[in-house]
Amino acid sequence: MSNQNPGQHQNKNQNPGQQQNKSKNQNQNQIQSQNQNQNRNQINHNFCPPENEDFNLKETTPILGGGRVTANDRLGTAFDLVEQMHYLYIRVVKAKELPLKKDGNSNPHPFVEVQLGNLKGLTLHFEDRSSPDWNQVFVVLKDRIQSRILEVCLKDKSRTSGNDDGLIGRVVFEVNEVPKRVPPDSPLAPQWYWLENRKGEKVKGELMLAVWIGTQADEGFPEALHLDATAVNGDGVANIKSKVYLSPRLWYLRVNVIEAQDLQLSNKNRQQPEIYARITLGNVALRTKISLSKNVCPTWNEDLMFVAAEPFEDQLVLSVEDKVAPNKDEQLGKCVIPLQDVEKRLDFSTPISKWYSLEKDVVSEDGNKKVAKLNSKVHLRLSFDGGYHVLDELTHYSSDLKATSKELWKPSIGVLELGILNAQGLSPMKNRDGRGITDAYCVAKYGQKWIRTRTILNSFNPKWNEQYTWEVFDPCTVITIGVFDNCHLQGADKNDKVSDSKIGKVRIRLSTLETDRVYTHSYPLIVLTPAGVKKMGEIQLAVRFSCSSLLNMLAMYSQPLLPTLHYLHPLTYYQIDNLRHQATQIVATRLSRAEPPLRREVVEYMLDVGSNMWSIRRSKANYVRIAGILTGLIAICKWFNGICTWKNPFATVLVHIIFFQFVCFPRLILSAIFVLLFLIGTWNYRMRPRNPPHMDIKLSQAEIVPWDELDEEFDTFPTSRNIDVVRMRYDRLRSIGSRMQAVAGDLANQGERFYNLLSWRDPRATALFLIFCLISSIVLYVTPFKVVVTIMGFYTMRHPRFREKLPSVPLSFFRRLPAKTDSLL
């Protein structure tokens, strides 16, 4: 010790500058860490949701279909899940016998202007037409009418300049005298009206119109142009209308690459070529393993899976390549295969194999490229597997579980009806003219059918009152409703930099709904942002699940969730994950090409793309769920431990009596267990859930989330953070993984110890166990079974004064058994 201390002091004295620098660095690091902790605490304090924020589900009693709906059952009628909204409809059909221009030699460029107070709408204009035909419908909500006069003016586009408004003639209506139309009455027939000038004098020309008061159930409502949305122009007009979309029909394409023949290598002296096949479909490229036969006739017999959508627009491109260097591949030939001729199969029968000739792009002497046919061929089996269901959603939230082929579909079991009523208290999503606004619309997805409501402009409390219907084939499915802010009101963005903002979504599982009951609730719209959890508002929905046959629906619970091919010939986890990614990209691309487009960011949010990425918050939530499941088991163990330790002598004696009754009459054991389960279930009926489940921020561990965990969850993949942040997160992940590793190791140890009871890994332990088994067999043979059970039961529940604090003999013996931990490095 005396020799070490001087040396240590000497070393300290030799580098005083280093010691000062180290102390300075340590002080700086401590100050930085303190500042970071203070900032994190401040941020976490800001991230916490307000205490007065209500994230709960609320039951409402709206007036639907002319009567107030409660939780009681009621018969269904058309548009009975939404509130009736009365609109003023103006159908502009056509005009005739219009006067010539002032020069008397040409026809006017007519268009119609519909004006109601400050609200104005315009039809298309025609060039040089005396009898134009428009057939356009304008609507305005009756509650927004601020004028008693409706003017329908026919104007000339070529004269609308300066002080001349180009008026040809007009028709004036008193709003109070407009007739009402109640569906299912036939549409109101349009009629001809004489035109008059502003003085009330008749002029030449007639205009065919129809004006009436109707509801959103009118057949002209979906295509009508709202007068309060005339600020939207160009392509943006189509983006505010309600539409119904259908997902493309998806198929699993299986490509079985068998072999190739007579490949031509550029290097004739190459002895062991490393040949593989690369297959491309659209933007997806997969490759086989390198063939084990190192020659010009390689064999693979490997399956590659793709997702294809009808109509089959893409072509399958197969290229055979040779890995001549670590970063250099040489193409030996390729072939292009159209998908229209690929065989469709319902089961796993072997498809017909075909030989395909390979070709190669060759550059001629003049520099032009041409395709040269080769003698090489490739042997393939191609098939569309219609017996699978193409998973484009997470299985937990799937809305469709049918097989791809319609021949395997079973009849529908019911109908799902959804009424999208309104939203309240939406947050401002963008700025316009110096103030925050929101242009909200809803999207609902169930099965292959997507719906999009109209966009309500500049409103934090929009009212849609639109109703939609879906066929239901399986009750264990989920409908998803999302709310978005429309950022494309001024037409398409050429650079596609603008994205519709998400406001929140709701999931409703059909199996949690009672049949033929109308559920009217206000759902909180909750979004997790990099700043924490936030309530964006509430949406009011009306949902009804009607069942055509209760017997058929109950029979669904005895059938597999997915088509049988998923279980007879299952796909690997890697294939399922890769194919789901392909499917979501195809659906997003196809729907974004519709008119109006359902944009990619909307589709990906509805399909929960990226929700399977790593998240500490979700890991904590799953841990809480597991702990909740084990709570009941732990409670039973605690209760039984209380019986064994005689905490309540009366209860312990009662359990002893019941136990002795079961020993004397063992036939009552199973019967008593099932009676107990029946009584528990009957008692729980009083406390059954009255409302459908909704997003729970406490269960999601989103109530209080550290800022760094949120930053990690919203980080891109691959990460875009600096190396220090990534190192810190990696170390944190290692600590979490070490705990998981320890738990998995303990479970493995217990299993291996059970196995080693008879494996003679510990000869003395195995010999003792076998001697115990031999003695036990003799004792159990001689002693009646009731006596053995009685002794074991009473011994287990013995009084604490007869217990020892040390582990029991069997537990000590079991813990001494060896495991394979000793062989780990």
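Computed from a predicted structure; not experimentally measured.

1. A look at the overall build of the protein
When helices and strands are tallied, the protein shows 14 helices and 32 strands. Here the protein holds 825 residues, and the buried ones make up 39% of them. Expressed as a percentage of contacts within the protein between residues at least 6 apart in sequence, the contacts between residues at least 24 apart total 70%. When the accessible surface of the protein is summed, it comes to about 48300 Å², and 55% of that surface belongs to carbon and sulfur atoms.

2. Comments concerning the nonpolar core
Judged by nonpolar contacts, the single largest core of 66 residues is most densely connected at W450, I539 and L541. Ranked by size, the runner-up nonpolar core spans 31 residues in total, among them A277, L286, C335 and L339.

3. Description of the pattern of salt bridges
Any two side chains of opposite charge can pair, so long as their charged atoms come close to each other. Under the definition given, this model contains 42 salt bridges. As a salt-bridge pair, R181 and E219 come within 3.2 Å of each other at their nearest N and O atoms. Of this pair, R181 sits in the loop between strand 9 (167–174) and strand 10 (191–196) while E219 is found in the loop between strand 11 (202–215) and strand 12 (225–226), placing the two residues 38 residues apart along the sequence. For the salt bridge of R729 with D708, the shortest nitrogen-to-oxygen distance reads 3.6 Å. Of this pair, R729 sits in helix 11 (residues 723–755) while D708 is found in helix 10 (residues 707–713), placing the two residues 21 residues apart along the sequence. D708 matches R729 in its accessibility class, with the two residues each being buried. A cluster of three or more residues bridged by salt bridges with shared partners is formed by D708, D711, E712, R721, R729 and R732.

4. Some words on a nonpolar patch on the surface
On the surface, a cluster of nonpolar side chains totalling about 690 Å² of accessible area is made up of I669, L670, I673, F674, L676, L677 and I680. Tracing the backbone through its elements, the reader meets L676 in helix 9 (residues 668–684).

5. Describing the sheet that holds strand 13 (residues 243–246)
With antiparallel pairing, 5 strands are arranged side by side in an open sheet as 13-27-26-29-30. This sheet does not close on itself; its edge strands, each paired only once, are strand 13 and strand 30 (501–509). With direction set aside, neighbouring strand axes in the sheet form an average angle of 20°. Across 6 bridges, the pairing between strand 26 (residues 440–446) and strand 29 (residues 478–485) is antiparallel. In the sheet register, V443 faces strand 29, and the bridge partner there is G482.

6. Observations regarding the pairing of strand 5 (residues 110–116)
Of all 7 residues in strand 5, 6 are buried; the element is thus mostly enclosed. In this sheet, strand 8 (residues 149–156) lies alongside strand 5 in antiparallel orientation, the contact comprising 6 bridges. When the sheet's bridge partners are listed, E113 is paired in strand 8 with C153. Bridging between strand 5 and strand 6 (residues 119–122) involves 4 bridges; their strand directions are antiparallel. Pairing of E113 across the sheet is with L122, part of strand 6. Linkage of strand 5 to strand 6, two consecutive antiparallel strands, is achieved through a turn of 2 residues, within which G117 is found at a positive phi near 65°.

7. Observations concerning the environment of E53
Following the sequence through the fold, E53 ends up in the loop between helix 2 (16–47) and strand 1 (58–59). Separated by 482 residues in the primary sequence, E53 and K535 have C-alpha atoms spaced 7.7 Å apart.

8. Examining helix 5 (residues 573–592)
Across its 20 residues, helix 5 extends 29 Å between first and last C-alpha, which sits within 8% of the 28 Å expected from 1.5 Å per residue. For helix 5, the full list of buried residues reads L579, R580, Q582, A583, T584, I586, V587, A588, R590 and L591. Close packing links the buried residues of helix 5 with strand 13, strand 14 (250–261), strand 16 (284–287), strand 17 (299–309), strand 27 (449–452) and helix 6 (600–606).

9. Quick word on the confidence of the model for the protein
Looking at the protein as a whole, its pLDDT mean stands at 84, while 89% of the residues score no less than 70. By mean pLDDT, helix 1 (residues 4–14) is the weakest element of the protein at 38, and strand 26 is the strongest at 96. Across residues 1–47 the pLDDT falls below 50, and counting only partners more than four positions away or on other chains, this stretch makes 13 contacts in the model. This stretch, residues 68–77, has a pLDDT under 50; its non-local contacts, to residues over four places away or in other chains, come to 24 contacts.

10. Some details on the pairing of strand 16
Where strand 15 (residues 275–281) meets strand 16, 4 bridges bridge the pair, whose relative direction is antiparallel. Looking at the pairing, R278 lines up with R287 of strand 16. Following strand 15, the chain reverses through 2 residues before pairing antiparallel with strand 16; G282 in that reversal takes a positive phi of roughly 65°.

11. Observations regarding the sheet that holds strand 32 (residues 532–547)
The antiparallel open sheet is built from 5 strands, whose spatial order is 1-31-32-23-28. Each edge of the open sheet carries a strand with a single partner, namely strand 1 and strand 28 (463–472). The sheet contact formed by strand 23 (residues 414–424) and strand 28 spans 8 bridges and is antiparallel. Paired with N422 across the bridge in strand 28 is K463.

12. Topic: the packing of aromatic side chains
Tallied over the entire structure, the rule returns 14 aromatic pairs. Where Y87 meets Y89, the ring centres are 6.5 Å apart and the plane angle is 65°; that geometry is what we call edge-to-face. For the pair Y87 and Y89, a shared accessibility class is recorded, and that class is buried. With a centroid separation of 5.2 Å and 80° between ring planes, the pair formed by F173 and Y193 is classed as edge-to-face.

Definitions and cut-offs
- Residues numbered from 1 in each chain as written.
- Predicted model: local features only at pLDDT ≥ 70, side-chain atom pairs only at ≥ 80, totals over all residues.
- Heavy atoms only, no water.
- Helix = DSSP H or I, 4+ residues; strand = E, 2+ residues; numbered from the N terminus.
- Buried < 20%, exposed > 50% of the residue type's maximum accessible area, 1.4 Å probe, protein only.
- Contact = heavy atoms within 4.5 Å.
- Areas by Shrake-Rupley, 256 points an atom, 1.4 Å probe, with all protein chains shown as cover.
- Core = buried A, V, L, I, M, F, W, Y, C linked by side-chain atoms within 4.5 Å.
- Salt bridge = Lys/Arg side-chain N within 4 Å of Asp/Glu carboxyl O.
- Patch = residues over 30% accessible without salt bridge, like charges linked within 9 Å, V, L, I, M, F, W, Y side chains within 5 Å.
- Pairing = 2+ DSSP bridges.
- Axes fitted to C-alpha atoms, helices over the stretch in contact; angles between N-to-C directions.
- Expected span 1.5 Å × (residues − 1).
- pLDDT = per-residue confidence, 0-100.
- Phe/Tyr/Trp six-rings, centres within 6.5 Å; stacked < 30°, edge-to-face > 60°.

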